[in-house]
Amino acid sequence: MSVAGERPRDSPGLGPGFSPSALGTKEHWDAAYESELQIFQESGDAGEIWFGEESMIRLIRWMEKQKIPLDSSVLDIGTGNGVLLVELAKCGYTNLTGIDYSPSAIQLSQNIIEKEGLSNIKLQVKDFLTPSAELSGFQICIDKGTFDAISLNPDNAAERRKQYVKSLCTVLKMEGFFLVTSCNWTKEELLNEFREGMGRELWLPFLPVQMQFKSEDFFYTFQLQRTRIAGFEILEELPTPKFCFGGRIGNSVTALVFQRKKLKPSILDKLD
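The structure presented is a predicted model; accordingly, all values stated were derived computationally and were not measured. (Residues numbered from 1 in each chain as written. Predicted model: local features only at pLDDT ≥ 70, side-chain atom pairs only at ≥ 80, totals over all residues. Heavy atoms only, no water.)

K.L.:
Looking at this structure, how should I read the confidence of the model for the chain?
P.N.:
The predicted model of the chain has a mean per-residue pLDDT of 81, with 73% of residues at 70 or higher. Taken together, the stretch residues 198-228 has pLDDT below 50 and engages in 70 contacts with residues farther than four places along the chain or on a different chain. (pLDDT = per-residue confidence, 0-100. Contact = heavy atoms within 4.5 Å.)

K.L.:
Quick question: what am I supposed to make of the packing of helix α1 (residues 26-43) against helix α4 (residues 103-116) here?
P.N.:
For any two helices packed against each other, the geometry comes down to the angle between their axes and how far apart the axes lie. The N-to-C vectors of α1 and α4 enclose an angle of 30°; their axes lie 7 Å apart at closest approach. Judged by the inter-axis angle, α1 sits roughly parallel to α4. The crossing of α1 and α4 is left-handed. On α4, the residues that touch Lys-26, Asp-30, Tyr-33, Glu-34, Glu-36, Leu-37, Phe-40 and Gln-41 of α1 are Pro-103, Ser-104, Ala-105, Gln-107, Leu-108, Asn-111, Ile-112 and Lys-115. Its residues assigned to classes, the contact of α1 with α4 comprises seven nonpolar, four polar and five charged. (Axes fitted to C-alpha atoms, helices over the stretch in contact; angles between N-to-C directions. Helix = DSSP H or I, 4+ residues; strand = E, 2+ residues; numbered from the N terminus. Parallel < 35°, antiparallel > 145°, perpendicular 65-115°, else oblique. Left-handed = near helix turned anticlockwise from the far one by under 90°. Nonpolar A, V, L, I, M, F, W, Y, C, P; charged D, E, K, R; others polar.)

K.L.:
What should I look at first to understand the sheet that holds strand β2 (residues 96-100) in this one?
P.N.:
Within a sheet, adjacent strands bond to each other through the backbone by hydrogen bonds, running parallel or antiparallel. Taken in spatial order, the seven strands of this open sheet run β3-β2-β1-β4-β5-β11-β8, and their pairing is mixed. At either margin of the open sheet sits one strand with a lone partner, and together these are β3 (121-125) and β8 (231-237). For this sheet, the mean inter-axis angle between neighbouring strands, taken without regard to orientation, is 20°. Across six bridges, the pairing between strand β4 (residues 138-144) and strand β5 (residues 172-182) is parallel. Its bridge partner being in β5, Phe-138 is matched across the sheet by Leu-172. Of the strands in this sheet, β1 (74-77), β4, β5, β8 and β11 (254-261) are in contact with helix α2 (residues 53-65), which crosses β5 at around 150°. On the sheet, helix α6 (residues 157-171) packs against β1, β4, β5, β8 and β11 and is oriented at approximately 135° with respect to β5. (Pairing = 2+ DSSP bridges.)

K.L.:
Explain α6 to me, please; I cannot follow it from the model alone.
P.N.:
Every α-helix winds through 3.6 residues per turn, so residues three or four apart in the chain are directed the same way. Helix length check: α6, at 15 residues, gives a terminal C-alpha distance of 21 Å against a target of 21 Å (1.5 Å per residue), a fit within 8%. Those residues of α6 that sit buried are Ala-157, Arg-161, Tyr-164, Val-165, Ser-167, Leu-168, Cys-169 and Val-171. (Expected span 1.5 Å × (residues − 1). Buried < 20%, exposed > 50% of the residue type's maximum accessible area, 1.4 Å probe, protein only.)

K.L.:
What's the story with the pairing of β2 in this structure? I'm lost.
P.N.:
For β2, the buried fraction is high: five of the five residues fall into the buried class. Both β1 and β2 contribute to a ladder of four bridges, which runs parallel. Counted as the bridge partner of Ile-77 is Ile-99 from β2. With respect to chirality, the unit in which β1 leads through helix α3 (residues 83-90) into the neighbouring parallel β2 is right-handed. One ladder, built from five bridges, connects β2 with β3; its direction is parallel. Within β3, the position partnered with Leu-96 by the bridge is Ile-121. Taking the sense of rotation as the criterion, the β-α-β connection linking β2, α4 and β3 turns out right-handed. (Right-handed = clockwise from strand over helix to strand, strands pointing away.)

K.L.:
What should I look at first to understand unusual backbone geometry in this one?
P.N.:
Working note: non-glycine residues mostly have negative phi, and peptide bonds are mostly trans. Of note, the phi angle at Lys-67 is positive, near 55°, even though the residue is not glycine. As for its position among the elements, Lys-67 is in the loop between α2 and β1. In this structure Lys-67 comes out as exposed when scored by relative accessible area, which is 68%. Backbone geometry places Glu-175, a non-glycine residue, at a positive phi of 75°. In this fold, Glu-175 is placed in strand β5. A relative accessible area of 37% places Glu-175 in the partly exposed class.

As structure tokens, this is what we get:
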């Protein structure tokens, strides 16, 4: 699932300048990939490369520059036609997984991978907002347009964006890297979105931390679980094409690298 969206006006619950769009719905992408699957079966055309080939080259060059081991576990979030995974495999990466909530996208990816004669790519029909228990421990997570699509969903996009951050905390291991490419969000906006996942502590019932409150002659003891959500630290903004309009220079695409970090100790640690 990938998308190039528009930002015509503000809409409550979506995001800065976003309006609801069919591009944010599963129905749209099911139909789109059913069509692309048929075209591939008829002509062998793999379909569109979202954000162009340079977007893949940009990500792969960063991984090579950082000397990311070739056996590092990599998750492509919303893999679409799986072409990014194909290019990573051709560059020698051996532990690759792609997920998409559209069965037709996964079928298209599987057909393309088989045509390329590759066997080291795992594919799953999964909704990233509801990750399964086995989808965890990845050292690299890549998103080229999926967060954009979620931001356009007509059904409570704000909550879906928050769930995206929670899911990312679930699947990305500590100190792992998150590479995101967006045509809808600026650098500052993405920093604000993922900063929401930083420094938060949630208290849920039933687990190790005990707290006592006195009321008249009675003590009340509550068992609480502290769940600490790790934050994301920006490491680098990758260079993307620029344009000039009205005397101002901007980027048509934003590409950022985050790293998942542990939270600093807080006063709540003294309650353990």
